[in-house]
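Spelled out from the first residue to the last, the chains are:
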Amino acid sequence: MLLNPNHLQRRYPDRRSGEIMAATVDFFESRGKARLKADDHDRVWYSDFLDHIGRERIFASLLTPSAYGADDCRWDTYRISEFAEIVGFYGLSYWYPFQVTALGLGPIWMSANTEAKRKAAAQLEAGEVFAFGLSEQTHGADVYQTDMVLTPCDGGWVANGEKYYIGNANVARMVSTFGKIAGTDDYVFFAADSRHRRYELIKNVVNSQNFVANYALRDYPVTEADLLHRGPDAFHAALNTVNVCKYNLGWGAVGMCTHAMYEAVTHASNRILYGTVVTDFSHVRRLLVDAYVRLAAMKLVATRACDYMRSASQSDRRYLLYSPLTKAKITSEGERVITALWDVIAAKGVEKDTIFEAMTREIGLLPRLEGTVHINVGLLAKFMPNFLFAPSSELPAIGRRDDAADDTFLFAQGPTGGLGKVRFHDWRAPFEAFAHLPNVALLRQQIEVLAEMLASAAPDAAQQKDLDFAFAVGQLFATVPYAQLILEEAGLSAPEQAADGALLDEIFAVLVKDFNAYAVDLADKPATTDAQARFALRMIRRPVHDSARYDQVWKEHLQPLNGAYQMRP
């Protein structure tokens, strides 16, 4: 189930997609681990990687909609997701310029400014990268607040203000910058050029290979040709861009954890302590199995969520749940995977020559980018009533979306809002298909108690405004679509990639255990009523432990990772 760069196995309907992935792997493997680590420690700006991206036309092919690019160009979330996984596998510093380029392109591809789109396509072909100038030091990524102001002048405007924490903004030729028109309530998105003399690059705000800029515009001239959005459309473009791109964070976490998994299992399997192979210690084996099943679940969810991203339309907005779910849940699970693996390899995890050392340092960034976990779990709560209590039988069943299509709707999402009106298919159906697995059945029971609590002891207005309380409920709810996507993907996977029954039940044993922890947390909240606390404690179930199942997962999934992949020196 895990990515192995030496044996890329994803199937594509065209040859070009496979060539992109193979060329990306070859770049890193040809450089080797020693060079990768030296550049990381010396915080070397990755110009050679960006040169490679331009030379191979990788961003041009992956991130240009077909209407504006060459024959091999399309915005295809299916192939973008594998690229995000691969660059995450080699380090967050290489995933990051891809992510912020995608963000920077969002407002451009969503714009009615045809000339700006043609310019962006030409710059992608020329190997340029892009930036997303939204956040500010004072306001963060709060789209309701901005100190970037455009003041009218002859023939257009002049822009003044600063942006903070903006990746690629040291080199991007089009920096999609968010601001307001002076004296109005009109938001605006416009394209700025980092090479312009009125563009001041103040500093890099991080201590890493990345350049995450604080930049200022000082009487920067803006014309109609530079405008991407004005008024409500600019506000919607900001949120809709994040809707599209936060999904990529899940794949970054999957890639990072996969490389760490190979290193940890190989190290532990070949180390003897107190006369015992480390992987024969029961606690070590449990840590590794739990880490593996969490990682397997992460990949199953991200893969299945892709189908909903690609199948989105005005009448099917299920992606608005699955994108923040992927961001919040998968990235948080990534932290848990790295922590469990680190508990196994201990001091080895900080050795400077390991990939693991970089992953421990960087994995915590992903849950905290594109909105914190708390913000995204809070967003999920808006979907909870319809998801749990009002399933729609009219929504189409979505199959595997690995076709060579342009995901055009992602740049035509329209106004944001109305999340409480989004409808979903029945979450119970995939549970029924796997009801023979004991831990799937147990989690179903837990969810039914949650639904009963929400129906008969629903949070009142004050509790809904209490973010601490709402987060506890949100964590319980997030487990439901997370489990649903795992089961749906298990039913869709090709036979050679399918999540077998033993692995699935072991995944759900972990989910049952997690649900227990969330339930106890809810019961302990100061704002929780006595009735809600009783429901929370009723949710608790003891996972079904099966030694044969556990041993099967160990032998079939963990043991084969020993030595299965090592990066070229």
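Nothing here was measured: the structure is a model prediction, and the numbers come from that model.

Caption draft 1: Structural detail: the overall build of the chain. When you go through the chain residue by residue, the secondary structure sums to 21 helices and ten strands. Rg of the C-alpha trace for the chain: 24 Å, near the compact-globule value of 25 Å for 569 residues, within the 12% margin. Here the chain holds 569 residues, and 60% of them are scored as buried. At a minimum sequence separation of 6, the contacts of the chain that also span at least 24 residues come to 80%. When the accessible surface of the chain is summed, it comes to about 21,700 Å², and 51% of that surface belongs to carbon and sulfur atoms. If you average the places of the 59 positive and of the 69 negative side-chain charges in the chain, the two averages end up 1 Å apart.

Caption draft 2: Expanded view of the pattern of salt bridges. Throughout the structure, instances matching the rule amount to 52 salt bridges. Linking Arg538 and Glu452 is a salt bridge whose minimum nitrogen-to-oxygen distance equals 3.1 Å. Remark: Glu452 occurs in helix H16 (residues 438–456) and Arg538 occurs in helix H20 (residues 530–538); sequence separation between them is 86 residues. The exposure class assigned to Glu452 is partly exposed, which follows from its relative accessible area of 36%. If you follow the salt bridges from partner to partner, you end up with Asp14, Arg74, Asp76, Arg79, Arg310, Arg401, Asp403 and Asp407 in one network.

Caption draft 3: Structural view of the domain arrangement of the chain. Entries for the chain in the domain assignment read domain 1 (15–129), domain 2 (132–233) and domain 3 (424–546). With 26 residues of domain 1 in contact, the opposing surface of domain 2 contributes 23 residues. Summed over both sides, the interface between domain 1 and domain 2 buries roughly 2,100 Å², with carbon and sulfur atoms accounting for 53% of that surface. Counting across the interface, domain 1 meets domain 2 through twelve residue pairs in polar contact (both at pLDDT 80 or more). Breaking the side of domain 1 that touches domain 2 down by element, the ones donating at least two residues are helix H2 (33–41), helix H6 (92–109) and helix H7 (114–125). When grouped by side-chain class, the residues that make up the side of domain 1 that touches domain 2 number 15 nonpolar, six polar and five charged.

Each value, and the rule that gives it
- Residues numbered from 1 in each chain as written.
- Predicted model: local features only at pLDDT ≥ 70, side-chain atom pairs only at ≥ 80, totals over all residues.
- Heavy atoms only, no water.
- Helix = DSSP H or I, 4+ residues; strand = E, 2+ residues; numbered from the N terminus.
- Rg over C-alpha atoms; globule rule 2.2 N^0.38 Å.
- Buried < 20%, exposed > 50% of the residue type's maximum accessible area, 1.4 Å probe, protein only.
- Contact = heavy atoms within 4.5 Å.
- Areas by Shrake-Rupley, 256 points an atom, 1.4 Å probe, with all protein chains shown as cover.
- Lys, Arg positive; Asp, Glu negative; His and termini not counted.
- Charge placed at Lys NZ, Arg CZ, Asp CG, Glu CD.
- Salt bridge = Lys/Arg side-chain N within 4 Å of Asp/Glu carboxyl O.
- Domains from an automatic or database assignment.
- Buried area = accessible area lost by both parts, 1.4 Å probe.
- Polar contact = N/O pair within 3.5 Å; in protein donor to acceptor, adjacent residues only side chain to side chain.
- Nonpolar A, V, L, I, M, F, W, Y, C, P; charged D, E, K, R; others polar.

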